[in-house]
Amino acid sequence: MRPHLSARARAALEAVARSSEQGRVVRRAQGLLWLDQGEDEDVSEVAKRLGVSRQMLYVLVEGYEQRKKLPVRERIMDFEALNPVYRQVSSACGFRASK
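Residues numbered from 1 in each chain as written. Predicted model: local features only at pLDDT ≥ 70, side-chain atom pairs only at ≥ 80, totals over all residues. Heavy atoms only, no water.

(A) Molecular detail of the packing of aromatic side chains. Enumeration over the complete set of coordinates arrives at 0 aromatic pairs. When the ring centre of Trp-34 is taken as reference, the NZ or CZ atom of Arg-49 above it lies at 3.7 Å. (Phe/Tyr/Trp six-rings, centres within 6.5 Å; stacked < 30°, edge-to-face > 60°. Lys NZ or Arg CZ within 6 Å of the ring centre and 35° of its normal.)

See the structure below:
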C-alpha cells in the first residue's frame, strides 16, 4: 500500500511537513512521504513511527487518493468529514479533527 505521489505532490507534502503548525497534518504528510519512499518503509514501521495504527494509515492513503481534485494540502486536512471509518479509528486512537 503506497500513495501515488507525483514529484509536485511530494514537494508540497515536504513543505507541509516542514512548515505546518498543526501536528496531525504534519504527521499525515510525513506518513505519506515515508510510505512513498519505497520498500524500506512498510506500513507497520511507519505506523509505529507515527504512533498510529496500520488501519489509520490505510484510511489516510485511501482518503488522499479519493481527493485527487483538491490541492495537496487540502487532501490531508479534515479526513473526518470525508470518511466515517477515519472518524471511528481516529476517535479510538485519541485523535480529534484538525480544523
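(B) Just the nonpolar core, in detail. By size, the foremost hydrophobic cluster in this structure holds 24 residues, and its most contacted members are Leu-13, Leu-32, Leu-57, Tyr-64 and Ile-76. Considering every element that reaches this core, the biggest residue donor is helix α2 (residues 23-36), with 6 residues. Ignoring anything within four residues of it in the chain, the contact list for Leu-57 reads Met-1, Leu-35, Val-43, Val-46, Ala-47, Leu-50 and Val-52. (Core = buried A, V, L, I, M, F, W, Y, C linked by side-chain atoms within 4.5 Å. Buried < 20%, exposed > 50% of the residue type's maximum accessible area, 1.4 Å probe, protein only. Helix = DSSP H or I, 4+ residues; strand = E, 2+ residues; numbered from the N terminus. Contact = heavy atoms within 4.5 Å.)

(C) View of the pattern of salt bridges. This structure, assessed with the given rule, holds 3 salt bridges. The partner of Asp-36 in a salt bridge is Arg-10, and the shortest N-O contact between them spans 3.7 Å. Here Asp-36 is found in helix α2, whereas its partner Arg-10 is found in helix α1 (residues 7-19), with 26 residues between them in sequence. Take Asp-36: its relative accessible area is 21%, and that puts it in the partly exposed class. Classification of Arg-10 by relative accessible area gives partly exposed; the value is 22%. A salt bridge links Glu-65 to Lys-68; the shortest N-O distance between them is 3.6 Å. A relative accessible area of 16% places Glu-65 in the buried class. Lys-68 gets classed as exposed once you look at its relative accessible area, which sits at 53%. Where salt bridges share partners, they join Arg-10, Glu-14 and Asp-36 into one cluster. (Salt bridge = Lys/Arg side-chain N within 4 Å of Asp/Glu carboxyl O.)

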